[in-house]
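Residues per chain are reported as follows:
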Amino acid sequence: MTNLHFPLLFLLTLFLFAGCSELPEQDMPQTRSYAIRLKPGEDLKKSIQKFVDDNQIEAGWIASCAGSLTDYHIRFANVPEGSKASGHFEIVSLSGTLSTNGSHIHVSVSDNTGKTIGGHLMDECLVYTTAEIVIQSASDLQFTRENDGTTEWKELQVKQKGEDVRDSD
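Just so we're clear, the structure is a prediction, and the values are computed from it rather than from any experiment.

About the criteria used
- Residues numbered from 1 in each chain as written.
- Predicted model: local features only at pLDDT ≥ 70, side-chain atom pairs only at ≥ 80, totals over all residues.
- Heavy atoms only, no water.
- Helix = DSSP H or I, 4+ residues; strand = E, 2+ residues; numbered from the N terminus.
- Buried < 20%, exposed > 50% of the residue type's maximum accessible area, 1.4 Å probe, protein only.
- Salt bridge = Lys/Arg side-chain N within 4 Å of Asp/Glu carboxyl O.
- Contact = heavy atoms within 4.5 Å.
- Polar contact = N/O pair within 3.5 Å; in protein donor to acceptor, adjacent residues only side chain to side chain.

Colleague: Teacher, can you tell me more about the environment of K50 here?
Modeller: Summarising the element assignment, K50 is placed in helix α2 (residues 44–54). Exposure remark for K50: the relative accessible area of 51% places this residue in the exposed category. Sequence separation of K50 and T100 is 50 residues, and the distance between their C-alpha atoms is 9.1 Å.

Colleague: Help me understand the pattern of salt bridges, please; the structure alone is not making it clear to me.
Modeller: Oppositely charged side chains can form a pair if their charged atoms are brought close together. Taken as a whole and assessed by the stated rule, the structure comprises four salt bridges. A salt bridge links K50 to D54; its shortest N-O distance comes to 2.7 Å. With K50 and D54 both in helix α2 and four residues apart, this pair spans about one turn of that helix. Residue E58 is joined to K161 by a salt bridge in which the shortest nitrogen-to-oxygen separation is 3.0 Å. Taken together, the residues span a long stretch of sequence, with E58 in the loop between α2 and β2 (60–75) and K161 in the segment after β8 (155–160) at a distance of 103 residues.

Colleague: Help me understand the environment of T116 in this model?
Modeller: Here T116 is to be found in strand β5 (residues 116–121). With a relative accessible area of 45%, T116 lands in the partly exposed category. The spacing of T116 and I91 is 25 residues in sequence and 9.4 Å in space, taken between C-alpha atoms. The residues contacting T116, other than those within four sequence positions of it, are V92, S108, V109 and S110. In this structure the side chain of T116 is engaged in a polar contact, spanning 3.0 Å, whose partner is the backbone oxygen of G114.

Colleague: Teacher, can you tell me more about unusual backbone geometry here?
Modeller: With the exception of glycine, the majority of residues adopt a negative phi angle, and the majority of peptide bonds are in the trans configuration. In the Ramachandran plot, N78 falls in the positive-phi region, its phi being about 60 degrees despite a non-glycine side chain. By secondary structure assignment, the location of N78 is in the loop between β2 and β3 (83–98). Here the phi dihedral of E124 falls at roughly 80 degrees; this positive angle occurs in a residue that is not glycine. By the element assignment, E124 lies in the loop between β5 and β6 (126–138). Residue class for E124 comes out partly exposed when judged on its relative accessible area of 41%.

As far as function goes, none of this settles anything; it's purely spatial.
This is the structure in structure tokens:
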């Protein structure tokens, strides 16, 4: 009798686990990762936005970037115009929210002495050797940019797909 208990217990365990299936894929929020490489001469901001638009990313963010620039165009805090320089610069940081509805990206670059500056990424930041970028996105969210009365600018609004703006309080 004891020898029969093990096979029966094993089969019962298999049936129990078989009944514990996962939710269908469409019900599960998905985080997707993309890896891209920009080549020499490409515009960092325009290329990222083109990728976002081409892949219909509605709620994305930059997870990682390593690369270099020959030209930067950065808008510093509370300054209306961007600052430009040419030379050889390492991208030491790139972060931001990405969406077909509008993106907001910040960059930090360092020169050959290690001096580092950063601010709002503008067009005309040209890749020197490479920009290796990892982008992630969430399938259950939608990012928009709207005037909400808290500032004079269009700010990020995070929405659950199919729902109103999330309450941040």
